[in-house]
Amino acid sequence: MATETKHQLPFKLNNPDLLHSLSFVNGKWTKAKSGKTFDVVDPGTGKPWIACPTNDASDVDEAVNSSHACFESYKKISPRKRAQMLYKWDALIKENKEDIATILVYETGKPRSEAYGEIDYSTGFTWWFAGEAERIQGSVFTPALPNRRVFTIKQPLGVAVALVPWNFPIAMILRKAGAALAAGCTMVIKPSPETPITVLTLAYLAQKAGFSDGALNVLTTDLEKTPELSEALCRHPLVNKVTFTGSTRIGKLVAKICADNLKKVTLELGGNCPVLIFDDANLEQALGQIFALKYRHAGQACITANRIYVQSGIFDKFVERWHAETQKIVVGHGSDEKTTMGPVTTPRGIEKALALIEDAKKKGAKILTGGKKMEKDGGYFFEPTIITGVTPDMDVCCEEAFAPISTFIMFETEDEAIKAANDTSMGLASYCFTKNVDRTWRLFEKLEAGMIGLNTGNASAAESPFGGIKQSGYGKESGKDVAVDEYLITKTGTFTLEEQS
Ligand SMILES: O=CCCC(=O)O
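Treat the numbers as computed from the prediction; the structure is a model and nothing was measured.

Student: Before we go on, may I ask you to explain the overall build of the protein chain in this structure?
Tutor: For the protein chain, the count of helices and strands is 15 helices and 24 strands. Taken along the three principal axes of its C-alpha coordinates, the protein chain extends 80 × 65 × 40 Å. Sequence-distant contacts, at least 24 apart, represent 74% of the contacts inside the protein chain between residues at least 6 apart. For the protein chain, the exposed area adds up to about 20,400 Å²; of that, 53% sits on carbon and sulfur atoms. Taking the average place of the 58 positive charges on the side chains of the protein chain and the average place of its 60 negative ones, the gap between the two points comes to 3 Å.

Spelled out as structure tokens, the structure:
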């Protein structure tokens, strides 16, 4: 175990070797040059339990150089060998699932059952990308000119940087690093200050799976040094690709910085996702699916249901059923087996939720239940909340809540619902529930989002391209070909064939 901390661990692991708190650079556990550290806090108690290095711009060179040196040899490894290492990594993560879930609970606050769910979802990516590694193909085609032959090959583009959020730290890493390593790239990861430990565990297991030193480096830092460290990573001349998941505001900054040197960028940004439930929907199906989506990780998923539009014929009944289900939610520490909803991950989450509710109340919304912070064991708990009478001018309608706030809006016609759903700068995911097949197709084509859930609230999967349109970003993660392509360059070969005389 390589922890260097004055803190008391609030849990025991079956395999204590998994727990690391130093950064991981070139296969070694490394302190920041400044020697500074920051605390990682349990959102369920508000107590710090471990500390990690506060890296800054001066720590970037060593990490990127080692990833670049590794790339020079890693790119020559056969796709089958890359696949084998990815399968091994996948197996090691599954073998240590219980311990990884424990760390995840104490970093994010999510209930243990959800932590298991995240690991199952995430290993879908390691498994999928192991398969993709061997299916990277170029093409040969017939050109217009005689005696000419044209073909393309795909090659890994080099060192990639991943800037990742705290809400699904395992899924985000495996979705990004899985694709990069399958393509033959190496990666430097900057985890979120809230969730560095799960990421360091994954790096430890990647090394055990056979990835060589520098293939996957992890530089931790705190909130204050995040902009400096991220910018230095994005600007480093040996970095060719940046993948970012987070807010639209920061995504635009990342895109601007990378544009200076024309670096390839993938951006998975904000959501504000609408749900449309029509009178002819199977009410129980819609309720079950959207309830699970809404309260997954206390409302802190980018694809969560931010605005729920329900047609007038079933509005009252739907909200009544939703209210009844909401009363059954057990809010508590993620490690408690009875808990069905944990805290939000940061105190900032509470402040934002309170501000949204205050604004909605001022503008005439009705708070059916909840709306307050819960004073409970020092954690960042927020009451499951239902708001009705929501109008488009309310912040809760225009912004991602990232909290357990269910926002209901009544509609009459299909056209009205589509117009309201699309009335946002965001375009990550949209959902609709109807048993009318023609309407389903119309909605699929007319809703402005990169992912459309049709009678489902659960559309994320390794085989499905994940990514938004409009201000929700660009590029695809997961899915066949598209995700690995984000880490490849395509080279065109043109050959003139001399005929034998
Ligand atoms: O919060 C963003 C990721 C959620 C998902 O991958 O389903």
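From this point, the discussion proceeds with the structure in view.
Student: When you look at the layout of surface pockets in this model, what are you seeing that I'm missing?
Tutor: Summary: where empty space remains is shown by rolling a probe the size of a single water molecule over the atoms. In this structure, the largest pocket occupies an estimated 1,300 Å³ of space. If you trace the largest pocket, you find 42 residues lining it, with Trp166, Phe244, Gly246, Ser247 and Ile250 closest to the centre. Secondary structure elements with two or more residues in the lining of the largest pocket: α7 (226–235), β10 (239–245), α8 (248–260) and α11 (347–362). Broken down by element, the residue count for the lining of the largest pocket peaks at six residues, all from α8. Here the residues of the lining of the largest pocket sort into 19 nonpolar, 14 polar and nine charged. No fewer than three residues from each of domain 1 (16–269 + 473–489) and domain 2 (274–454) sit in the lining of the largest pocket. Space inside the second largest pocket adds up to approximately 320 Å³. Along the wall of the second largest pocket there are 15 residues; nearest its centre are Gly117, Tyr121, Phe168, Arg296 and Asn458. Elements with a contribution of two residues or more to the lining of the second largest pocket: α4 (112–133) and α9 (283–295). Top element by residues in the lining of the second largest pocket is α4. It accounts for four residues. Among the residues forming the lining of the second largest pocket, the class breakdown is six nonpolar, five polar and four charged.

Student: What's the story with the domain arrangement of the protein chain in this structure? I'm lost.
Tutor: Put simply, an interface is often sized by how much accessible area is lost when its parts join up. With domains assigned, the protein chain is organised as domain 1 (16–269 + 473–489) and domain 2 (274–454). For domain 1 and domain 2, the distance between their C-alpha centres works out to 31 Å. Counting residues at the interface gives 25 residues for domain 1, matched by 28 residues for domain 2. Summing both partners gives a buried area of about 2,000 Å² for domain 1 against domain 2, and 57% of it is carried by carbon and sulfur.

Student: Got a minute to help me understand unusual backbone geometry in this structure?
Tutor: Most of the time, phi is negative for any residue but glycine, and the peptide bond is trans. For Asn147, which is not glycine, the phi dihedral falls at a positive 65°. In this fold, Asn147 is placed in the loop between β5 (139–141) and β6 (148–156). Positioned with a positive phi, Ala298 is a non-glycine residue whose angle comes to about 55°. Inspection of the secondary structure puts Ala298 in the loop between α9 and β13 (305–311).

Cut-off values and rules
- Residues numbered from 1 in each chain as written.
- Predicted model: local features only at pLDDT ≥ 70, side-chain atom pairs only at ≥ 80, totals over all residues.
- Heavy atoms only, no water.
- Helix = DSSP H or I, 4+ residues; strand = E, 2+ residues; numbered from the N terminus.
- Contact = heavy atoms within 4.5 Å.
- Areas by Shrake-Rupley, 256 points an atom, 1.4 Å probe, with all protein chains shown as cover.
- Lys, Arg positive; Asp, Glu negative; His and termini not counted.
- Charge placed at Lys NZ, Arg CZ, Asp CG, Glu CD.
- 1 Å grid on protein atoms, 1.4 Å probe; cavity = no way out; pocket = protein on both sides within 12 Å on 5 of 7 lines; lining within 4 Å.
- Points joined across faces, edges and corners; volume = space filled by probe spheres on them.
- Nonpolar A, V, L, I, M, F, W, Y, C, P; charged D, E, K, R; others polar.
- Domains from an automatic or database assignment.
- Buried area = accessible area lost by both parts, 1.4 Å probe.

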